[in-house]
Amino acid sequence: MEVVCDLESIREGLKPSDWASRPLSVWRYRELLPIGRRIEPISLGEGGTSLHPCPRLGGMAGIRRLMVKNEGENPTGSFKDRGMTVGITKALELGKGWVACASTGNTSASLAAYAARAGMRCTVLVPKGGVAYGKMAQAIAHGAEIVEVEGNFDRALGLVIELAAKTPELYLMNSVNPYRLEGQKTLALEVFDQLGGRAPDCVVVPVGNAGNISAIWKGFRELEALGLLKPPLPRMIGIQAEGAAPIAKAFKSGSSSIDPIERPATVATAIRIGKPASWKKALRAVRESGGLMEEVSDEEILSAQRALASKEGIFAEPASASSIAGLMKLRESGEISGDEVVVCVVTGHGLKDPDVVVKSFKGPMGFQEFLSSMMAMGAGARSTQRSPSRA
Ligand code: AN7
């Protein structure tokens with residue numbers, strides 16, 4: 001399902017100067033969101049995330065104009081909040097009191113927060129052992145009912161869809177709910193505004209269940225239909241993890257459908273998805289835009305995560321760093337050229353999954369060991385030796 005906006009009548013009533021007078025956020029673009037005018041949005045301050053120029057990382061990758069759209073700055077730490085503010089407001093408009101989703105973690109963390117804000121009951125189905133620590137803590141803190149499913153995300157999604165079909169009072173909030181994608185499309189609108197009314201040459205997006213890349217493409221297409229964005233539109237580039245890459249594989253083989261992966265495996269638990277619900281929309285976005293799909297290994301993901309954090313100060317969870325890993329790979333293969341304007345979407349905050357980082361750390365050094373290393377290097381050792389007694 002897809003929401004179709006009546007762009008003709010929106011175009012007539014729209015003054016982009018109205019947008020400019022509102023803060024950069026999901027609700028800046030209210031005219032393009034399918035919510036009645038009289039409804040007060042359920043909001044935690046979502047969207048309005050920074051578009052950071054990343055010259056040091058760009059230098060490493062060989063790209064002169066690289067920017068990172070840091071979705072980790074959202075209220076619950078991921079891009080899911082864009083969709084959730086619209087989805088929950090829709091649920092309220094429809095008079096729903098109970099919402100549910102299946103999740104690899106971020107959707108459940110976000111839904112739990114917005115349901116709490118709206119005063120709704122919230123049930124989340126998660127794959128047993130497959131959700132990062134920080135995300136689980138969020139769902140618990142916000143008071144969601146947490147159901148563990150034996151098996152992976154794909155099974156949990158199947159179960160919750162079945163449950164929703166049999167339970168009219170339960171409102172399904174996975175991205176098969178098209179209202180969520182309407183919120184997520186605002187990322188494209190923000191990037192357009194942040195670049196001064198222009199689109200980049202390409203947008204690189206991590207892909208799991210494939211809702212986000214579809215939503216972002218919808219955003220750019222609507223800007224074009226409104227006459228605000230002149231072609232060419234950006235190439236949409238989707239990145240999947242090697243062990244969970246059914247869409248990338250379909251794209252590369254030129255196939256018109258995907259082969260689901262029974263046992264998806266990757267360190268990037270957020271995108272450990274073998275049977276993405278929105279694969280059709282994603283393939284369409286990539287093909288229509290002249291973009292492509294690529295897959296990256298766990299090693300490439302973790303090394304991109306370290307590079308982004310240590311070169312630019314942006315800490316992203318592994319799934320989010322897959323866009324950076326994909327960018328590096330595609331620059332190397334020449335699919336992305338050095339003078340394109342590239343926006344990499346970094347989808348979620350690194351604190352969501354601290355284990356992954358701490359596990360790969362060889363451990364801190366003792367103070368004596370530190371002093372010896374200073375001594376061995378010569379300079380600065382004496383002043384450092386004095387400072388502890390002063391402290
Ligand atoms: C950080 O939370 O599917 O391609 O259940 O958490 O729109 O699915 C999360 C997905 C990328 C993939 N980056 O986005 C869930 C869930 C992060 C994510 C994705 C997810 P889609």
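Up top is the structure.
Residues numbered from 1 in each chain as written. Predicted model: local features only at pLDDT ≥ 70, side-chain atom pairs only at ≥ 80, totals over all residues. Heavy atoms only, no water.

A. Here's a closer look at the sheet that holds strand β7 (residues 202–206). Strand order in this open sheet of six strands is β1-β2-β10-β7-β8-β9, and the pairing throughout is mixed. Bordering the open sheet on either side are β1 (51–53) and β9 (292–296), each of which pairs with just one other strand. Across this sheet, the average inter-strand angle for adjacent strands is 25°, counted without regard to direction. Direction of pairing for β1 relative to strand β2 (residues 65–70): antiparallel, over a ladder of three bridges. Of the residues in β2, the one forming a bridge with Pro53 is Met67. Here helix α10 (residues 211–225) sits on the sheet and contacts β7, β8 (235–241) and β10 (341–346); the angle it forms with β8, its principal contact strand, is near 175°. Set on the sheet, helix α11 (residues 246–253) makes contact with β8 and β9; between it and β9 the angle comes to about 125°. (Pairing = 2+ DSSP bridges. Helix = DSSP H or I, 4+ residues; strand = E, 2+ residues; numbered from the N terminus. Axes fitted to C-alpha atoms, helices over the stretch in contact; angles between N-to-C directions. Contact = heavy atoms within 4.5 Å.)

B. Focus on the sheet that holds strand β5 (residues 145–149). Pairing is parallel across the open sheet formed by four strands, whose spatial order is β5-β4-β3-β6. Of all strands in the sheet, those with a lone pairing partner are β5 and β6 (170–172), marking the two edges. In this sheet, adjacent strand axes meet at a mean angle of 25° when their direction is disregarded. Sheet topology note: the strand β3 (residues 98–102)/β6 ladder contains three bridges and is parallel. Residue Ala100 lies in a different strand from β6, and its bridge partner there is Leu172. Of the strands in this sheet, β3, β4 (121–127), β5 and β6 are in contact with helix α7 (residues 153–166), which crosses β3 at around 150°.

C. Focus on α11. Here α11 has its buried residues at Pro246, Ile247, Ala248 and Ala250. On its buried face, α11 sits against β8, α12 (279–288) and β9. Once α11 finishes, Gly254 follows within two positions and takes phi at roughly 75°, a positive value. (Buried < 20%, exposed > 50% of the residue type's maximum accessible area, 1.4 Å probe, protein only.)

D. α10, seen in detail. With 15 residues, α10 extends 21 Å from end C-alpha to end C-alpha; this agrees with the ideal 21 Å at 1.5 Å per step. The buried fraction of α10 is high, at twelve of 15 residues. Every buried residue of α10 is accounted for by Gly211, Asn212, Ile213, Ser214, Ala215, Ile216, Trp217, Lys218, Gly219, Phe220, Glu222 and Leu223. Once α10 finishes, Gly227 follows within two positions and takes phi at roughly 80°, a positive value. (Expected span 1.5 Å × (residues − 1).)

E. Representation of the nonpolar core within the structure. In this structure, Ile216, Phe220, Met236 and Ile247 are the most contacted members of the largest nonpolar core, which totals 44 residues. Every element with two or more residues in this core is listed here: α1 (7–13), α9 (186–194), β7, α10, α11, α12 and β10. By size, the runner-up hydrophobic cluster in this structure holds 33 residues, among which are Cys54, Ile237, Ala241 and Leu330. (Core = buried A, V, L, I, M, F, W, Y, C linked by side-chain atoms within 4.5 Å.)

F. Local environment of the packing of helix α4 (residues 80–93) against helix α5 (residues 106–118). At a minimum axis separation of 9 Å, α4 and α5 run at an interaxial angle of 40°. Compared by their axis directions, α4 and α5 come out oblique. α4 and α5 meet at a crossing whose hand is right-handed. Facing α4, whose interface residues are Lys80, Asp81, Met84, Thr85 and Ile88, α5 presents Asn106, Thr107, Ser110, Leu111, Tyr114, Ala115 and Ala118. (Parallel < 35°, antiparallel > 145°, perpendicular 65-115°, else oblique. Left-handed = near helix turned anticlockwise from the far one by under 90°.)

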